[in-house]
Amino acid sequence: MSREQKAVDRARKAFLTGRSKSLEYRIAQLKNLLRFVRERQTEISEGLRKDLRRSECGTPLYETLGLESEINLAVRDLKQWAAPRPVSKSMMTISDQVYIQPEPLGVVLVIGAWNYPWAVTIGPLIGAIAAGNAAVIKPSEVSSHTSKVMEDLLPLYLDKELYPVVTGGVTETQELLKQRFDHIFYTGNGTVAKIIMEAAAKHLTPTTLELGGKSPCYIDNNCDLSVACRRIAWGKYSNCGQTCIAPDYILCDPSMQDRVIEEIKKNIKEFYTEDPQKCPDYGRIINQRHFKRLMGLLEGSTIAVGGENEESECYIAPTVLRDVKPDAKVMQEEIFGPLLPILTVSSADEAIKFINQRERPLAFYIFSSDNKLIKRMIAETSSGGVLANDCLMHFSVTSLPFGGVGNSGMGHYHGKYGFDNLSHLRSCLIKQLKMEGMNKMRYPPHTEDKLGWARFFILKHVDFGSLGRMALLALMAVFVAVILQRYFTN
Amino acid sequence: MESQKQVLERLRAAFRSGVTLPMHFRLTQLEAMMSLFEDNENQILEALHEDLAKPKFETVLSEIEIVVNDICYAISNLQTWMQPTYVGTNLATKLDDCFVRSEPLGVVLIIGAWNYPLHLILLPLIGAIAAGNCAILKPSEISRATEKLLAELIPKYLSQECYAVVCGGAEETKTLLENRFDHIFYTGSQSVARCILLAAAVHLTPVTLELGGKCPCLIYGRLDMKAAAKRLVWAKFFNTGQSCVAPDYVLCTTETRDALLPFIKEALESFYGSDPQQSPDLGRIVTDRHWDRLVELLKKSEGKIVIGGESDKKTKYIAPTVIVDVIESDALMQEEIFGPILPIITIKSLDEAINFVNEREKPLALYAFSDESQVVTTVLERTSSGGFCSNDGIVHMSLPGLPFGGVGASGMGNYHGRWGFETFSHKRGCMMRSWLLECVNVLRYPPYNESNLSWLRWATTAKKKGWAACSVM
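About the cut-offs
Residues numbered from 1 in each chain as written. Chains lettered and ligands numbered in written order. Predicted model: local features only at pLDDT ≥ 70, side-chain atom pairs only at ≥ 80, totals over all residues. Heavy atoms only, no water. UniProt positions renumbered as here; feature names shortened; annotations may be inferred. Contact = heavy atoms within 4.5 Å. Buried area = accessible area lost by both parts, 1.4 Å probe. Salt bridge = Lys/Arg side-chain N within 4 Å of Asp/Glu carboxyl O. Helix = DSSP H or I, 4+ residues; strand = E, 2+ residues; numbered from the N terminus. Nonpolar A, V, L, I, M, F, W, Y, C, P; charged D, E, K, R; others polar. Core = buried A, V, L, I, M, F, W, Y, C linked by side-chain atoms within 4.5 Å. Buried < 20%, exposed > 50% of the residue type's maximum accessible area, 1.4 Å probe, protein only. Phe/Tyr/Trp six-rings, centres within 6.5 Å; stacked < 30°, edge-to-face > 60°. Lys NZ or Arg CZ within 6 Å of the ring centre and 35° of its normal. Pairing = 2+ DSSP bridges. Axes fitted to C-alpha atoms, helices over the stretch in contact; angles between N-to-C directions. Right-handed = clockwise from strand over helix to strand, strands pointing away. Expected span 1.5 Å × (residues − 1). Left-handed = near helix turned anticlockwise from the far one by under 90°. pLDDT = per-residue confidence, 0-100.

The name recorded for chain B in an unreviewed UniProt entry is Aldehyde dehydrogenase, from Carassius auratus.

Going by an unreviewed UniProt entry, chain A carries the name Aldehyde dehydrogenase and comes from Carassius auratus. One UniProt comment on chain A, placed under Subunit (unreviewed entry), says "Homodimer." Listed under Sequence similarities (unreviewed entry) in UniProt, the entry text for chain A is "Belongs to the aldehyde dehydrogenase family."

So, in structure tokens, the structure goes:
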């Protein structure tokens, strides 16, 4: 048996013991996870520094504050999330219990990514634990130092059997994908996502795919440009642009371009000093392969700001490209780096058309002081999520579902959505063997009369308010009396 | 005749034009669907009778009324469903608007099944229309008369721009699946479902699978045998056992079985008379091939037939049959029966019954009959299934408030009522930030420092009840 098979097997056996079902157990595990995040900031930071040259403050800001917030929310609301959810009844089921019971799925596979390795690997795990599942955690091998921290330290805090960390590269992942899971949660790119869906097909396993795409950023003529550009610069160059919801490219009027460039240049300097290469708050490209890829994307476009780079350090300066054409290399794939192309469009309508001709992105950003325009642009486009007048922030609102559509993904999580996403919502109808008289109308031999009653009783759905309920019960009593009289005397 | 590609292009163009977005359009289409049923009840009854010898009562209840009910439900609730839902924010985002929009996915594919050929293709369509999508319907070619009826009526009542029926068998379906859809909704078997998932993977298309499995029926403890027998028999032999949620087999003790059998016999006689073949209220098996499969299962089974067992190939008739002394390895226990054959497996304890169920794939429905509420609760808590119903069968799927769908091998995703609307929608998280409070944002910008970080921690982790927690990434 391979190492991966063993881990999955053990997780399943642990799940079948039923211990992850109790809410107390789940809350205890979540609290342990919280303790881990708080107690091990140093190790987490160290790993991130080695992997992504993330600065010390970057760890809580971009990774762990969000996790703490999600864990606290889950601990606070778990009882409510996991409780039976009553639904409306029909005439026939008025005296029955009708509700939805959330239940764990079983063993979930969480495949993380390297760009925010804690946020996108542990984030889904929180939902998995809260929903009562076992979870096999497969961190990205690209962020290898973080992967090691997860492998070494998580087992010291979480149930080793229920939540094993399985590290490795492509071969190990392929071996994992041969096993049967009850759900696969993947964060990454579209190419691998297709492979995952194919593997999942074999076992009829549902999947959540958090992918990416080119998230457009439209800047309207009517907006506070200096604030807009500051927020865009922050959204773009954090983590060196290696964010699935980074503003990928800008669409603006030709008359705005120069000012946009000036403002972004100003903010780059404010954030990262004159020499970002020396600034501790500016990261690096994850590896040589991505560095080369990004340098290749520059081809054919005009650099307005930045462009400096150093291969040995995987350093690329915060860069802005001007007058970019739609067929430029940089517009053919998700950039995932610190290159910010500006394309000019003559109107919001042209921007909408441009966006709609392309695959649906994970995020859409609109900067405008005109709320009506914002609402129109939202209504006329499609994307995973929308954020007006800022970047990235919607990721952190736990009451908003975070996920893609079309090529940018399927399914969503955060907050209660994370819990529901990894639960089975089981429909429950609890009836008694009493009131059998009522059922006569549905049994053969069928008559027109019975059909009439059945049409009315069995299927008619009525919305009951608490006042209406009393009135309807009274009415029901009358009908029951009539039916009993008709059929029992037959 | 339009090719599949042409149909798809036409629907995609229609979707891009935005014609399906306004609520008025969706309501008009739903009302048209209602008219389709009102105007054509006789044709529907005829078609279902031709395909499955379905009695009028069953057609009305399970093909017409259930769909019409859901249409009414959608019409009355559409406005609410379409409204964006505003959600909570925290201290740092108090001036912002956060809401969730339900948006259409685009062009969806709905593949129906032959056992409830109208219901299983039109009920999903309600959700697709309500959510603002265009849809291609691919009815089952096995239920030929209904397929023909759908191909005739859908273009007559619904917008031809936005909804189309594509007919054909396995080859045509395979070709259809090579195209890109924004959602695929499939009802049918597990083996075909795997092919559908593989086809969907090519385009990263989300999928809803309504499959089946062997739905166990546990009968245990103290109970009203007569009532239980009637409900069990009704649920099992409805549509001649050809229901994805029919109780597939019974698990009970020998005593219970012996006490139950006479009541089952009595119920069958009261429903279908002493010669069920003469009863107009019992349907037939859908095709010769399916009849052959069921008769073969009966032959191979090592159990003892205690009721029924008769069959007639010419009329595709199989009598309501009950078989006892069936063990795990029996032919009847190796696949979903999907016919009027009820095996009874005896167990010695509730634990044994629950373990039996848990050793198998998660079914679409699970039934427990008992007057002891503790028994029902124990079964519910220690098993998993798409849906659960105690002391009755099938009826849980008639409630539009309950999501109808499987788990594990019995499927993924769900529909009925609002769940159908949600299945065919994308929940888009939207946030409109204020231009103000840039001073709070300052805390997140580089150069990073500890002091800013602690202010941020305070501002974004407000734990007051009712506020969503929020943190800066």
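Enquirer: What's the story with the interface of chain B and chain A in this structure? I'm lost.
Expert: How big an interface is tends to be stated in terms of accessible area lost as the parts join. Residue-level contacts link 118 residues of chain B with 118 residues of chain A. Both sides of the chain B and chain A interface together cover about 10000 Å² of buried area, and 60% of this is carbon and sulfur. Measuring nitrogen to oxygen at the nearest pair gives 2.6 Å for the salt bridge that ties B:R444 to A:D390. No other element matches helix α8 (residues 190-203) of chain B, which puts nine residues into the side of chain B that touches chain A. Per-class residue counts for the side of chain B that touches chain A are 62 nonpolar, 29 polar and 27 charged.

Enquirer: It is not clear to me how the nonpolar core should be interpreted in this structure. Could you clarify?
Expert: Soluble globular proteins tend to bury their nonpolar side chains together. In terms of nonpolar packing, the biggest core is built from 297 residues, with A:I264, B:L122 and B:L125 touching the most fellow members. The residues contacting B:L125, other than those within four sequence positions of it, are B:M33, B:I110, B:A135, B:L137, B:L158 and B:Y163. Grouped together as the second largest cluster of nonpolar side chains are 34 residues, A:C428, B:L251, B:I341 and B:F388 included.

Enquirer: Looking at this model, I keep getting lost on the packing of aromatic side chains. Mind explaining?
Expert: The geometry of an aromatic ring pair is captured by the separation of the ring centres together with the interplanar angle, meaning the angle of the planes. Tallied over the entire structure, the rule returns 28 aromatic pairs over all chains. Put simply, the rings of A:Y62, A:Y116, A:W234, A:F271, A:Y272, A:Y282, A:Y315, B:Y445 and B:Y448 pair up and form one aromatic cluster. Just above the ring of A:F354 sits the side chain of A:R358; from NZ or CZ to the centre is 3.7 Å.

Enquirer: Would you mind going over the UniProt feature "active site" (unreviewed entry) in chain B with me for this structure?
Expert: Residue and element names in this part refer to chain B. On the UniProt side, "active site" (unreviewed entry) is annotated at positions that read E210 and C244 here. What stands out for the annotated residues spanning 35 residues is how close their C-alpha atoms remain, the widest pair being 8.9 Å apart. By the secondary structure assignment, E210 is in strand β7 (residues 207-210). When near neighbours in sequence (up to four residues on either side) are disregarded, E210 contacts F185, Y186, T187, G188, F404, G405, S410, G413, N414 and Y415. Among the secondary structure elements, C244 is positioned in the loop between α9 (225-237) and β9 (249-252). Note on C244: relative accessible area 12%, which makes it buried.

Enquirer: Please explain the sheet that holds strand β15 (residues 365-369) of chain B as it appears in this structure.
Expert: Paired through backbone hydrogen bonds, the strands of a sheet run either parallel or antiparallel to each other. Pairing in this open sheet of 10 strands is mixed, and the strands run β1(A)-β2(A)-β17(A)-β16(B)-β15(B)-β8(B)-β9(B)-β14(B)-β13(B)-β10(B) from one edge to the other. Looking at which strands have only one partner, the edges of the open sheet turn out to be β1 (85-86) of chain A together with β10 (304-307) of chain B. Here β9(B) pairs with strand β14 (residues 341-346) of chain B via three bridges, running parallel. The partner of B:V250 across the bridge, within β14(B), is B:I344. Across the sheet, helix α10 (residues 254-272) of chain B touches β8 (216-219), β9, β10, β13 (321-324) and β14 of chain B, and the angle it forms with β10(B) is around 50 degrees.

Enquirer: Can you help me understand the pairing of strand β3 (residues 107-111) of chain B in this one?
Expert: Residue and element names in this part refer to chain B. When you tally the buried positions in β3, you get five out of five residues, the bulk of the element. Residues V107, L109 and I111 point to one face of β3 and V108 and I110 to the other, with burial holding for every one of them. When β3 meets strand β4 (residues 134-138), the two strands line up parallel, connected through five bridges. In the sheet register, V108 faces β4, and the bridge partner there is A135. Handedness of the crossover joining β3 and β4 through helix α5 (residues 119-130): right-handed. As defined by bridge partners, β3 adjoins strand β6 (residues 183-187) across four bridges and the pair is classed as parallel. The partner of L109 across the bridge, within β6, is I184.

Enquirer: How should α5(B) be read in this particular structure?
Expert: Residues and elements named next belong to chain B. The terminal C-alpha atoms of α5, which comprises 12 residues, lie 16 Å apart, in line with the 16 Å expected from a rise of 1.5 Å per residue. Judged by how many residues are buried, α5 sits mostly within the fold: 12 of 12 residues are covered. Taken residue by residue, α5 has H119, L120, I121, L122, L123, P124, L125, I126, G127, A128, I129 and A130 as its buried positions. G132, located one to two residues past α5, shows a positive phi value of around 90 degrees.

Enquirer: Sorry if this is basic, but what is going on with the side chain of B:H290 here?
Expert: Residues and elements named next belong to chain B. Topologically, H290 is positioned in helix α11 (residues 288-300). Take H290: its relative accessible area is 12%, and that puts it in the buried class. Sequence-distant contacts of H290, that is, excluding residues within four places in its chain, are made with W114, I142 and I285.

Enquirer: For this particular structure, what's the right way to read the side chain of A:E175?
Expert: The topology assignment puts A:E175 in helix α7 (residues 170-178). Leave out the neighbours within four places in its chain, and A:E175 touches A:S2, A:E4 and A:Q5.

Enquirer: Is there a simple way to think about the sheet that holds β7(B) in this case?
Expert: Residue and element names in this part refer to chain B. In space, the six strands of this open sheet follow the order β5-β4-β3-β6-β7-β17, with mixed pairing throughout. Of all strands in the sheet, those with a lone pairing partner are β5 (163-165) and β17 (411-412), marking the two edges. Both β6 and β7 contribute to a ladder of four bridges, which runs parallel. Its bridge partner lying in β7, F185 is registered against T208. Relative to the sheet, α8 contacts β3, β6, β7 and β17, its axis offset from that of β6 by approximately 175 degrees.

Enquirer: Got a minute to help me understand the packing of helix α5 (residues 117-130) of chain A against helix α6 (residues 144-153) of chain A in this structure?
Expert: All names here are of chain A. In the contact formed by α5 and α6, the axes pass within 11 Å of each other and the chain directions differ by 40 degrees. The way α5 lies across α6 gives a crossing that is right-handed. Contacts between α5 and α6 involve P117, W118 and T121 on the former and, on the latter, T146, V149 and M150. Taken together, the residues of the contact of α5 with α6 break down into four nonpolar, two polar and no charged.

Enquirer: Help me understand the UniProt feature "active site" (unreviewed entry) in chain A in this model?
Expert: Residues and elements named next belong to chain A. Residues given the UniProt feature "active site" (unreviewed entry) here are E210 and C244. Secondary-structure assignment places E210 in strand β6 (residues 207-210). Mapped onto the fold, C244 is located in the loop between α9 (225-237) and β8 (249-252). On the accessibility criterion, C244 (15% relative accessible area) is buried.

Enquirer: Explain the confidence of the model for chain B here, please?
Expert: Do not read the predicted coordinates in detail wherever pLDDT is low. Residue and element names in this part refer to chain B. Averaged over chain B, the pLDDT score is 94; the fraction of residues at 70 or greater is 96%. Low pLDDT, under 50, characterises residues 462-473; the predicted model gives this stretch 46 contacts beyond four residues in sequence or across chains. Here the predicted complex scores 0.95 on pTM and 0.95 on ipTM.

Enquirer: Explanation requested: the pattern of salt bridges in the structure shown.
Expert: Pairing between side chains becomes possible if they bear opposite charge and their charged atoms approach one another. Under the defined criterion, the tally for this structure stands at 58 salt bridges over all chains. Its salt-bridge partner being B:D248, residue B:K214 comes within 2.6 Å of it at the nearest N-O pair. Placement of the pair is B:K214 in the loop between β7 and β8 and B:D248 in the loop between α9 and β9, with a sequence separation of 34 residues. Using a relative accessible area of 14% as the deciding quantity, one classes B:K214 as buried. Exposure remark for B:D248: the relative accessible area of 3% places this residue in the buried category. One connected set of salt bridges, linked through shared partners, spans A:D390, B:D96, B:R433 and B:R444.

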